Structure formats: C-alpha cells, structure tokens
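Remarks on the overall topology
Here is how the chains run, residue by residue.
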Amino acid sequence: MGQDELELQERLLDNTRVTTGLYIAHVAVPCRDLDEAARWYAEVLGAQPVRRLKDRVTFSFGGVLQLVCHLERRASVHNPRAYPRHHGLTFLRMEDFARMRDHVTSSGAEFLVRPALRFADTPHEHQTFMVADPSGNVVEFKCYVRPENSY
C-alpha cells in the first residue's frame, strides 16, 4: 500500500517534522499487519506515515514523536488494558484535544477509556481518553486544564 492510498485525517495532528530541535521522542510498538496499522494511524488518528519498509511503518505522530509499528504477526492483544503500558500525546491546547476527541468519536473507534475528566479541581486536572489500535496497543490522548502542569 502506498501512502497516497491513505486518507490522512487532516488537521488532527500537526505532523510537521521537527528538525530545529535537539531531539524527538521515539516509541516502537508491535503490529500484526502493516497495512492495517498504516490505515488506522493515518485515518483514525491523523498520524503521517513517513517511511515504509518490509517489516515496519514509521509515522510522524504529531511531529514530536517518531512512532514505529514493527511487524509481529502474533502482536494482537485480545484484551488490551490501559495500564501499565500505553503511548500517546498530551495536547497543550484544549481545542486541539477536543478536535481529536470528536474525530475519534465520529470515526466509530471503540474507546478503551471513554472521554473523561480526571483529578478535578486539582493542579493535575485534565481531559483524557484511550483507544486501542487494531493490534491492541493502547493510545492515550490528554490535555491539562493548566498547560504548565503537563509534565
């Protein structure tokens, strides 16, 4: 499958490659099918596929994370759990988080953790939700009410 065959969800993530900083984060996860992973991350989450090899597909995941899905045909998790292992993005602007939440909702993706407010009325208050990719890798999105508390 070529990148031109994917319907990348525009404006969900800013996938501009960061080349002026000192580094970007890198996460590698297993996937059972490269085409399925490429389609899901591009069409459901808006990640930009940037490289495809015979055993992996690499994405710009919001421009700040290099996400690599490595082919592992036995990778499917039948009952994914939110903890202890997941990856994702913390949005710094609530409107960007809301756009992603609304898109994921309308895409029909199944929530592992439905959109919710956590730690209300504390400095750690944030909106969050989690979904699992087709191989069972859990992806979390969140946005702190006070962006300065994002770390």
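Let me begin by describing the structure that accompanies this report. (Residues numbered from 1 in each chain as written. Predicted model: local features only at pLDDT ≥ 70, side-chain atom pairs only at ≥ 80, totals over all residues. Heavy atoms only, no water.)

**As for the sheet that holds strand S7 (residues 126–132)**
For clarity, the cut-off: Paired strands, as defined in this entry, are two strands with at least two bridges between them according to DSSP. Helix numbers and strand numbers start at the N terminus; a helix is a DSSP run of H or I with at least 4 residues, a strand a run of E with at least 2. For every element, the axis is a line fit to its C-alpha atoms; helices are fit only across the contacting stretch, and the angle between N-to-C directions ranges from 0 to 180 degrees.
Within the open sheet, the 4 strands sit side by side as S5-S8-S7-S6. Their pairing is mixed. Bordering the open sheet on either side are strand S5 (87–91) and strand S6 (111–118), each of which pairs with just one other strand. Strand-to-strand twist across the sheet, computed as the mean angle between neighbouring axes with direction ignored, equals 10 degrees. Of the pairings in the sheet, the one linking S5 to strand S8 (residues 138–144) comprises 5 bridges and is parallel in character.

**Here's the deal with the pattern of salt bridges**
The cut-off we apply is this: The term salt bridge refers to a side-chain nitrogen of Lys or Arg lying within 4 Å of a carboxyl oxygen of Asp or Glu. Each residue gets one of three labels from its accessible area relative to the maximum for its type: buried under 20%, exposed over 50%, partly exposed in between, using a 1.4 Å probe on protein chains only.
Tallying each qualifying case throughout the model produces 7 salt bridges. Arg32 is the partner of Glu36 in a salt bridge, and the nearest nitrogen-oxygen pair spans 2.7 Å. Accessibility expressed as a relative area gives 25% for Glu36, which makes it partly exposed. Note on Arg32: relative accessible area 29%, which makes it partly exposed. Here Asp96 makes a salt bridge to Arg93, at a shortest N to O gap of 2.8 Å. Overall, the relative accessible area of 46% leaves Arg93 in the partly exposed class.

**A word on the environment of Gly62**
What counts here: By definition, residues are in contact when any of their heavy atoms lie within 4.5 Å.
On the secondary structure map, Gly62 appears in the loop between strand S3 (56–61) and strand S4 (65–71). Judged by relative accessible area, Gly62 falls into the buried class, the value being 18%. When the C-alpha positions of Gly62 and Gly46 are compared, they lie 8.4 Å apart, and in sequence the two are 16 residues distant. Sequence-distant contacts of Gly62, that is, excluding residues within four places in its chain, are made with Leu13, Asp14, Asn15 and Leu89.

**Here's the deal with helix H2 (residues 94–107)**
Applied cut-off: The length a helix should cover is 1.5 Å for every residue beyond the first.
In this model, H2 (14 residues) spans 20 Å end to end at C-alpha, consistent with the 20 Å of a helix rising 1.5 Å per residue. Listing the buried residues of H2 in full gives Asp96, Phe97, Ala98, Met100, His103 and Val104. Packing partners of the buried residues in H2 comprise helix H1 (34–43), S5, S6, S7 and S8.

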